[in-house]
Amino acid sequence: MEYKVIDLHGDLFSHFNGKGLEGEEGIFKKYHLDNFKKGNVYFSVFNIWLDDENKPKRQLAEEIITNGAKEILNNQDIFNQVRNYDDINENGKINFFVGLEGLDYLSSADELYPLYMYGARLAGLTWNHSNKFASSITDANDQGLSDEGRKAIKIMNELGMIVDISHLSDKAALEILDISNAPVIASHSNVRNLSPHHRNVTDEMIKKIAGTGGVIGMNAYPAFVSENPTEKNVEGLIKHIDYIKELVGIDYIAFGFDFMDYLSDDATGSFIEGSPFMEDLKNHSYIMNLVHALENHGYSVAEINKITHENALRVIKTVLK
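What counts as what
- Residues numbered from 1 in each chain as written.
- Predicted model: local features only at pLDDT ≥ 70, side-chain atom pairs only at ≥ 80, totals over all residues.
- Heavy atoms only, no water.
- Salt bridge = Lys/Arg side-chain N within 4 Å of Asp/Glu carboxyl O.
- Helix = DSSP H or I, 4+ residues; strand = E, 2+ residues; numbered from the N terminus.
- Buried < 20%, exposed > 50% of the residue type's maximum accessible area, 1.4 Å probe, protein only.
- Pairing = 2+ DSSP bridges.

**Topic: the pattern of salt bridges**
Side chains that differ in sign of charge can pair as their charged atoms come close. Using the criterion set out here, one finds 18 salt bridges in the structure. When the shortest N-O distance is used, the salt bridge between Arg 58 and Glu 111 registers 2.9 Å. Of this pair, Arg 58 sits in helix H4 (residues 57-73) while Glu 111 is found in the loop between strand E4 (94-101) and helix H5 (112-118), placing the two residues 53 residues apart along the sequence. With a relative accessible area of 39%, Arg 58 lands in the partly exposed category. The exposure class of Glu 111 is buried, given its relative accessible area of 18%.

As structure tokens, this is what we get:
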């Protein structure tokens, strides 16, 4: 059985920017295309994520947006940019839409409008730092959402952008889950009750995400999978899938791997905890290791199809207009 895969979280735009600034072209073809094919990934979210603390955030965001656009426009033979659900195709190109991992570089929620025109169809209000929109996971003084953050959620709901809570503080995440009128996702988070990292989601969040019709994207970063070194692997990640299935059902599980094999140490050094990847799930080319393990654990073809792509597609179809 050949399963199609959607990955709800990747930092490809940061890679396009870093290599683009070095003068490289054809970055996706050189570093990613073979891995995507081996992993049967036909759809992914390419995020705008600010990874350089040595530049003004606005400047870095503009660089990423520019170099990301160059990479996409110069390689239209392999990319299909999705703005609406009906744009998705299966003609061999990589479907993608733009995600926003944190809005630190925006002066107001209204700046979501031009980013929507650029192609952004998913956004999380924060990365690891609190900002004018919300408190992040690292903020000990959890203030939840600001008025500007509530306005941002309203705009996203109106435009048809997927709301992502993966990096938000607990208070902010729970408030969004209460006020959003569309499905909410945690694009790249695991189960906090199994691995007590603040980047993982609580049972209450999982239930509320399911209540909105959203999904939790399973993250392959070892620190989010387990504190036990012997479980920082595919088998450890399946425990998270089992847990969510038992808690709310199979319809709310997806993939959001957050692979970092292509990012430089300079980009990840401020937040990496131990190894950035699991030996049996290092990058997109290893995805079938997880899929085959699910088969070995008794998951049916129908269940695996839901996890690999159908659940994510449901959210995309519901939210994108």
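What follows continues from the structure just given.
**Topic: the pairing of E4**
Across the eight residues that make up E4, a large majority, eight, are buried. In the sheet, strand E2 (residues 41-48) pairs with E4 via six bridges, with the strands oriented parallel. Directly across from Ser 44, in E4, lies its bridge partner Phe 96. Pairing analysis gives three bridges linking strand E3 (residues 79-81) to E4, with the strands arranged parallel. Residue pairing for E4: Phe 79 is matched across the bridge by Ile 94.

**What about the environment of Asn 128?**
Within the fold, Asn 128 resides in the loop between strand E5 (120-124) and helix H6 (147-159). Its relative accessible area of 14% is what places Asn 128 among the buried residues. With 115 residues separating them along the chain, Asn 128 and Phe 13 place their C-alpha atoms 18 Å apart.

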